[in-house]
Amino acid sequence: MSDTSSAARAAVAAVESAAATRTASPAPSIDPGPALSGPDAEERVHESTVVVADERAMLGLLGSRDLLLRQLETGLAADIHVRGNRITLRGTASDVAFAEHVLRELLTLQESGSLITPDAVRRTIAMLAAAATAAPGAPAATESPSTVLGLNIISRRGRTIRPKTVNQKRYVDAIDVNTIVFGIGPAGTGKTYLAMAKAVQSLQAKQVNRIILTRPAVEAGERLGFLPGTLSDKIDPYLRPLYDALHDMLDPESIPRLMAAGTIEVAPLAYMRGRTLNDAFIILDEAQNTTPEQMKMFLTRLGFGSKIVVTGDVTQIDLPGGQRSGLQVVRDILSGVDDVHFSMLTSSDVVRHRLVGTIVDAYERWDAVNATPAPDRQDRGPLGIRRPGTGR
């Protein structure tokens, strides 16, 4: 009996000793890991709320049947939740901040009286994205979308003409402050259209007394002489884009009256020779099809109180015989001259169908791969006739 009791007491003592040992040992710790910072902190969900006090402003921001809201959801990385007059944004810190910036720019644009369209949403997102990656001082980093898209040039029957990209706004601003401006860029970048709008604005503000629109009559593969009709009938098709722009900006009924009075003149470039143009807004369109001599002749028509805008696309030169474009030459001659400005537009400034910009880029890539050296003109005589013995 005593042996059994002694054994039981020993077993109890052993259990208590083991329990005491476990109690004295520190519990295993769970490492919480390093504090979240940098990219890890970005992964945490952030939230921000934009309150739109005015119901009409909210409707304008979201669009009919939430059309603009769906476009915002597609273009922004942050999640967007709308309840009443509150727009809640959720996502990483940078995504939320970017989305909030977009919404506030659109609201500012709306407050200026502009209607928010799907195109305005797309361009606002694109401008802010470009500004986020642009070098300090670059155009994209210094212009806000609401300032660019809210600049009204002229309005007619509820339609307002305004720049749609940063480069377009800088082009329009350059026309305001310089006497001669060259707008150079691919098709669809608004070079001629914006220049025409500024010309009409200047005429309506009585800053000039007349508008003169001119183009070189150069055939793009056709032969002008074989077209039917009189000389006027042959030339009019080359000037048709200028007439079309006028009809967009002025009442069609007033255009014949203004042209009959000489307030608006549309003429081929050859008709400019020998003239001095005072108090006029002069636009030379399709300037890539001028020769260097024609460009010099045109620029020296400038009179007192006048302004000149020259537009062209150096990738679409139709001059015969491989002649060098006057628009290419003038960039070397007048670069750095005071009161003369060169505005360069790119495929990102195309405001036609989105495929136009894609097509322009595709052609530029193809040209870069398949570029051929310019023909040597030293083997030609003064009339462009090849000298004998050149073997070409």
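The preceding data block contains the structure.
Reading guide: rules and limits
- Residues numbered from 1 in each chain as written.
- Predicted model: local features only at pLDDT ≥ 70, side-chain atom pairs only at ≥ 80, totals over all residues.
- Heavy atoms only, no water.
- Buried < 20%, exposed > 50% of the residue type's maximum accessible area, 1.4 Å probe, protein only.
- Helix = DSSP H or I, 4+ residues; strand = E, 2+ residues; numbered from the N terminus.
- Pairing = 2+ DSSP bridges.
- Axes fitted to C-alpha atoms, helices over the stretch in contact; angles between N-to-C directions.
- Parallel < 35°, antiparallel > 145°, perpendicular 65-115°, else oblique.
- Left-handed = near helix turned anticlockwise from the far one by under 90°.
- Contact = heavy atoms within 4.5 Å.
- Patch = residues over 30% accessible without salt bridge, like charges linked within 9 Å, V, L, I, M, F, W, Y side chains within 5 Å.
- Areas by Shrake-Rupley, 256 points an atom, 1.4 Å probe, with all protein chains shown as cover.
- Salt bridge = Lys/Arg side-chain N within 4 Å of Asp/Glu carboxyl O.
- Nonpolar A, V, L, I, M, F, W, Y, C, P; charged D, E, K, R; others polar.
- Phe/Tyr/Trp six-rings, centres within 6.5 Å; stacked < 30°, edge-to-face > 60°.

Undergrad: Any chance you could explain the pairing of strand β6 (residues 180-184) here in plain terms?
TA: Moving residue by residue along a regular strand, the side chains alternate between the two faces of the sheet. Within β6, five of the five residues are buried, leaving the element largely enclosed by the surrounding structure. Burial of the side chains of β6 extends over both faces: Ile180, Phe182 and Ile184 are buried on one face and Val181 and Gly183 on the other. With five bridges joining them, β6 and strand β10 (residues 307-312) adopt parallel strand pairing. If you follow Ile184 over to β10, its bridge partner there is Gly312. Pairing of β6 with strand β11 (residues 340-344), which is carried by five bridges, proceeds in the parallel orientation. Residue pairing in the sheet places Gly183 in a bridge with Ser343 of β11.

Undergrad: It is not clear to me how the packing of helix α4 (residues 67-75) against helix α6 (residues 118-133) should be interpreted in this structure. Could you clarify?
TA: Angle between the axes and distance between the axes are the two parameters that describe a pair of packed helices. Across the interface, α4 lies against α6 with an axial gap of 10 Å and an inter-helix angle of 25°. For the element pair α4 / α6, the angle class is roughly parallel. Seen from above, α4 lies across α6 with right-handed handedness. Counted together, Leu67, Leu68, Gln71, Leu72 and Gly75 of α4 and Pro118, Val121, Arg122 and Ile125 of α6 form the full contact between these two elements.

Undergrad: It is not clear to me how a nonpolar patch on the surface should be interpreted in this structure. Could you clarify?
TA: Judged by side-chain polarity, Leu355, Ile359 and Tyr363 come together as a nonpolar surface patch covering roughly 320 Å² of accessible area. Within the secondary structure layout, Leu355 lies in helix α15 (residues 354-370). What makes Leu355 partly exposed here is its relative accessible area of 42%.

Undergrad: Would you take a moment to explain the packing of helix α9 (residues 166-177) against helix α10 (residues 191-204) for this structure?
TA: Across the interface, α9 lies against α10 with an axial gap of 11 Å and an inter-helix angle of 40°. When the interaxial angle is binned, α9 and α10 end up oblique. Between α9 and α10 the crossing geometry is right-handed. Residues Gln168, Tyr171, Val172, Ile175 and Asp176 of α9 touch α10, and the partners they reach there are Lys191, Leu194, Ala195 and Lys198. Residue classes in the contact of α9 with α10 are distributed as five nonpolar, one polar and three charged.

Undergrad: Just checking my understanding: could you explain helix α13 (residues 292-299) for this structure?
TA: Think of an α-helix as turning once every 3.6 residues; residues three or four places apart then point the same way. Burial in α13 covers these residues: Met295, Met297, Phe298 and Leu299. On its buried face, α13 is in contact with β6, β7 (210-215), β9 (280-284), β10 and α14 (326-334).

Undergrad: Help me out: how do you make sense of the sheet that holds strand β3 (residues 86-91) in this one?
TA: Strand-to-strand pairing in sheets goes through backbone hydrogen bonds, with the strands running parallel or antiparallel. Pairing within the open sheet is antiparallel, and its three strands lie in the order β1-β3-β2. Both outer strands of the open sheet, β1 (46-51) and β2 (79-83), are each paired with one neighbouring strand and no more. For this sheet, the mean inter-axis angle between neighbouring strands, taken without regard to orientation, is 20°. As paired strands, β1 and β3 are joined by six bridges and run antiparallel to one another. By the bridge assignment, Val51 is partnered in β3 with Arg86. Sheet strands touched by helix α3 (residues 55-62): β2 and β3. Its angle to β3, the strand with the most contacts, is close to 45°.

Undergrad: Just to check I follow, could you spell out the sheet that holds β11 for this structure?
TA: Reading across from one edge, β8-β7-β9-β10-β6-β11 is the order of the six strands in this open sheet, with parallel pairing throughout. If you trace the sheet from one side to the other, it starts and ends with β8 (264-268) and β11, each paired once. The mean angle between the axes of side-by-side strands here comes to 15°, regardless of whether they run parallel or antiparallel. Those strands touched by α10 are β6, β7, β9 and β10, and its axis lies near 170° from that of β9.

Undergrad: What exactly am I supposed to notice about the pattern of salt bridges here?
TA: Pairs can form between side chains of opposite charge whenever their charged atoms are close. Per the stated rule, a full pass over the model turns up 10 salt bridges. Among the salt bridges present, the one from Arg215 reaches Asp285, with a minimum N-O distance of 2.7 Å. Of this pair, Arg215 sits in strand β7 while Asp285 sits in the loop between β9 and α13, and the two are 70 residues apart along the sequence. Here Arg275 ties to Glu265 by a salt bridge, and the two come within 2.7 Å at their closest N and O atoms. Of the two residues, Arg275 sits in the loop between β8 and β9 while Glu265 sits in strand β8, which places them 10 residues apart along the sequence. Each of Asp119, Arg122 and Arg123 takes part in a single network of salt bridges with overlapping partners.

Undergrad: Is there a simple way to think about the packing of aromatic side chains in this case?
TA: Two numbers describe a pair of aromatic rings. These are the distance of the centres and the angle of the planes. Scanning all chains against the criterion turns up one aromatic pair. Summarising the aromatic geometry, the rings of Phe182 and Phe342 are spaced 4.5 Å apart at their centres and angled 10° between planes, so their arrangement reads as stacked. Taken together, the residues span a long stretch of sequence, with Phe182 in strand β6 and Phe342 in strand β11 at a distance of 160 residues. When its relative accessible area of 0% is taken as the criterion, Phe182 is described as buried.

Undergrad: Quick question: what am I supposed to make of unusual backbone geometry here?
TA: Glycine aside, the phi torsion of most residues is negative, and most peptide linkages are trans. Positive phi outside glycine occurs at Asp66, with the angle close to 60°. Tracing the backbone through its elements, the reader meets Asp66 in the loop between α3 and α4. A relative accessible area of 35% means that Asp66 is categorised as partly exposed. Of note, the phi angle at Asp279 is positive, near 50°, even though the residue is not glycine. Considering the arrangement of structural elements, one finds Asp279 in the loop between β8 and β9.

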